Amino acid sequence: MSQRAVAGEAPGGPVPVGSTTARRSPSGPVRTLRRGLGPALPALLAFVAVRATGLAMMWLHPGHGSVLARLAGLWDAPYYQGVAEHGYSDDLGIGGYQNGVPYSSRAFFPLYPACIRAAHTVLPLSYAHAALLVAWCFAVLAAAGIYSFAAYVYKPRTGVIAVVVWAALPYGVVESLAYSEPVFTAFAAWALAAVVRRRWIAAGLLSCLSCLARPSGLAVAAAAAAAAAAEAVRLLRARRPLDPQLPVAVLLAPAGWIGYVAYVGYVRGTPRGYFDVQSAWGSQFDFGRATLRWFTDLTLRQGTATTLAQVVAAGVVAASLVLFVLAVVQRQPLPALVYGGAMLVIALGDGSADAPRARLLLPAFVLLLPVAAGLSRIRSAVSLWVVLGSLAVCSGVYGVHLVYVSGYSP
């Protein structure tokens, strides 16, 4: 990877977004869409193929009713749909917690429920099916954003591979659930793609939206702020005037998170309102102590059965740490390092004993860049697609295990 790529510039400039030389090319919105999606089309087709493989395996799994109902009804998915249909509630009627604070749906950030409600309003879909449609559409947008980022920093081939590896992760099935991870990943990926292109206002707005999708949007805001600070230092050293967009982007980036936390605090009548809500669900930041206990118990305990899901979750966490170290050694772009590191801190710093740490790391696609760059060196196209196809099959099989067998919340 060149120094220009590390600095946020692609060798020879940005990746071309389409050809303009054809005499009879379409005009207007059609042309814009074609130019924008053209380079990413192989990555998007590969992403859809991987996720379709996983869905087909679920449909082939016998005796469990509707696959769509299963995907839309697992674990936290009904809470998002409940917010979309009824709005927020400060007491879900599922019992209090030891601190006396009732379970509240305000623990779930508002952007995904708002999109579900919009889809239900304009389309003849139930809230459950609208939730799936929104999640699947944003998963495709996330794949396009991952391609845009990786292809700009490396090359298009690496971008396609990064998308396939992300789709074929052990927890790739979450990209097909009615969950907020696809929504968040889409805004995070496109925000980072804007950052490396120095499109600061776009980066700030996309980061703001990511902060309205999940609390881990702070990782995107941190990446945008770090890149803006680095750009300011570069301009000052070159004795050039500061770009006035830089402070605007820095202020915009965390605004969604700050606004939602302030809203919950106002509704509940205390600045700690949002954090009390999270505490009621058993989630609080403890600097990794609970994660260390979880990992130690899992690897060292004796006489207690360990499930496949627990082993895979621990493997994902360990691999993520190794990949982050490798990314640092390889001098990945600053926004990627900050975002990946912040996602690790957020996921591993969760103090809940049952925190879904592996799922929380699913949007940390930047940790896959060393893997994608390494696979891109495979010269034989047949060998490469055998490797990627094997990953897709394994991801599909494990997705069936998570959804139908394990009972383990990812």
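Preceding block: the structure.
This section reports on the structure supplied with the text. All values derive from a computational prediction rather than experimental measurement.

So, on to the overall build of the protein chain. Helix and strand content of the protein chain: 20 helices and zero strands. The buried share among the 410 residues of the protein chain stands at 49%. Taking contacts inside the protein chain between residues at least 6 apart in sequence as the whole, the part at least 24 apart equals 72%. Here the protein chain has roughly 18,700 Å² of accessible surface; of this, 66% comes from carbon and sulfur atoms.

Within the secondary structure layout, Ala-355 lies in the loop between α17 (334-348) and α18 (357-360). Given the relative accessible area of 6%, Ala-355 is considered buried. Put simply, Ala-355 and Ala-290 are 65 residues apart on the chain and 9.0 Å apart in space, counted from C-alpha to C-alpha.

Let us look at the packing of helix α9 (residues 181-196) against helix α11 (residues 217-237). For the pair α9 and α11, interaxial distance at closest approach is 10 Å and the crossing angle is 0°. Taken together, α9 and α11 sit at an angle that is classed as roughly parallel. In this structure, α9 uses Phe-184, Ala-188, Ala-191, Leu-192 and Val-195 to contact α11, whose residues at the interface are Gly-217, Val-220, Ala-223, Ala-224 and Ala-227. Along the lines of polarity and charge, the residues of the contact of α9 with α11 split into nine nonpolar, one polar and no charged.

Turning our attention to the packing of aromatic side chains. Throughout the structure, instances matching the rule amount to 18 aromatic pairs. With a centroid separation of 5.0 Å and 70° between ring planes, the pair formed by Tyr-80 and Phe-108 is classed as edge-to-face. Taken together, the residues span a long stretch of sequence, with Tyr-80 in helix α5 (residues 77-86) and Phe-108 in the loop between α5 and α6 (111-122) at a distance of 28 residues. Pair check on accessibility: Tyr-80 and Phe-108 agree, each one buried. Here Tyr-171 and Tyr-398 contribute two aromatic rings whose centre-to-centre distance is 6.0 Å and whose plane-to-plane angle is 70°, an arrangement assigned as edge-to-face. Residue Tyr-171 is found in the loop between α8 (156-167) and α9, and its partner Tyr-398 is found in helix α20 (residues 381-406); the two are separated by 227 residues along the sequence. We note that Tyr-171, like Tyr-398, is buried. Aromatic rings pair up to connect Tyr-88, Phe-109, Trp-257, Tyr-260, Tyr-263, Tyr-274 and Phe-275 into one cluster.

Counting through the fold element by element, Ala-225 comes out in helix α11. Here Ala-225 falls in the partly exposed class, since its relative accessible area comes to 29%. Each C-alpha atom of the pair Ala-225 and Ala-253 lies 7.6 Å from the other, and the pair is 28 residues apart in sequence.

Judged by nonpolar contacts, the single largest core of 129 residues is most densely connected at Met-58, Tyr-112, Phe-149, Trp-166, Tyr-171, Tyr-339 and Phe-365. Residues in contact with Trp-166, not counting those within four places in the same chain, are Phe-47, Ala-139, Ala-142, Ala-143, Ile-146, Glu-175, Thr-185, Leu-362, Phe-365 and Leu-368.

Using a probe with the size of a water molecule, rolled over the atoms, empty space left in the structure can be pinpointed. What the largest pocket holds in volume is close to 1,300 Å³. Residue lining of the largest pocket: 46 residues in total, with Gln-278, Ser-283, Asp-350, Pro-356 and Leu-360 positioned closest to the centre. Sorting the residues of the lining of the largest pocket by element identifies α5, α14 (273-280), α15 (289-300), α17 and α18 as the ones contributing at least two each. No other element matches α15, which puts five residues into the lining of the largest pocket. Here the lining of the largest pocket is composed, by residue class, of 27 nonpolar, nine polar and ten charged.

A separate point is the packing of helix α3 (residues 41-60) against helix α7 (residues 127-153). At a minimum axis separation of 9 Å, α3 and α7 run at an interaxial angle of 135°. Taken together, the axes of α3 and α7 are oblique relative to one another. Where α3 crosses over α7, the two elements pack in a sense that is right-handed. Residues Ala-43, Leu-44, Phe-47, Val-48 and Leu-55 of α3 touch α7, and the partners they reach there are Trp-136, Ala-139, Val-140, Ala-143, Ala-144 and Tyr-147. Residue composition of the contact of α3 with α7, by class: eleven nonpolar, no polar and no charged.

Under the 1.5 Å per step criterion, the end-to-end length of α20 is 35 Å for 26 residues, consistent within 8% with the ideal 38 Å. All buried positions along α20 are accounted for by Leu-384, Leu-388, Ala-392, Ser-395, Gly-396, Tyr-398, Gly-399, Val-400, Leu-402, Val-403 and Tyr-404. Tucked into the core, α20 has its buried residues touching α3, α4 (67-73), α8, α16 (308-329) and α19 (369-375).

Bringing the environment of Trp-257 into the picture now. Tracing the sequence through the fold places Trp-257 in helix α13 (residues 255-268). On the accessibility criterion, Trp-257 (17% relative accessible area) is buried. Residues Trp-257 and Cys-208, spaced 49 residues apart in sequence, show a C-alpha to C-alpha distance of 7.3 Å. With residues up to four places along the chain from it excluded, the contact list for Trp-257 reads Phe-109, Cys-211, Pro-215, Leu-218 and Phe-275.

Cut-offs applied
- Residues numbered from 1 in each chain as written.
- Predicted model: local features only at pLDDT ≥ 70, side-chain atom pairs only at ≥ 80, totals over all residues.
- Heavy atoms only, no water.
- Helix = DSSP H or I, 4+ residues; strand = E, 2+ residues; numbered from the N terminus.
- Buried < 20%, exposed > 50% of the residue type's maximum accessible area, 1.4 Å probe, protein only.
- Contact = heavy atoms within 4.5 Å.
- Areas by Shrake-Rupley, 256 points an atom, 1.4 Å probe, with all protein chains shown as cover.
- Axes fitted to C-alpha atoms, helices over the stretch in contact; angles between N-to-C directions.
- Parallel < 35°, antiparallel > 145°, perpendicular 65-115°, else oblique.
- Nonpolar A, V, L, I, M, F, W, Y, C, P; charged D, E, K, R; others polar.
- Phe/Tyr/Trp six-rings, centres within 6.5 Å; stacked < 30°, edge-to-face > 60°.
- Core = buried A, V, L, I, M, F, W, Y, C linked by side-chain atoms within 4.5 Å.
- 1 Å grid on protein atoms, 1.4 Å probe; cavity = no way out; pocket = protein on both sides within 12 Å on 5 of 7 lines; lining within 4 Å.
- Points joined across faces, edges and corners; volume = space filled by probe spheres on them.
- Left-handed = near helix turned anticlockwise from the far one by under 90°.
- Expected span 1.5 Å × (residues − 1).

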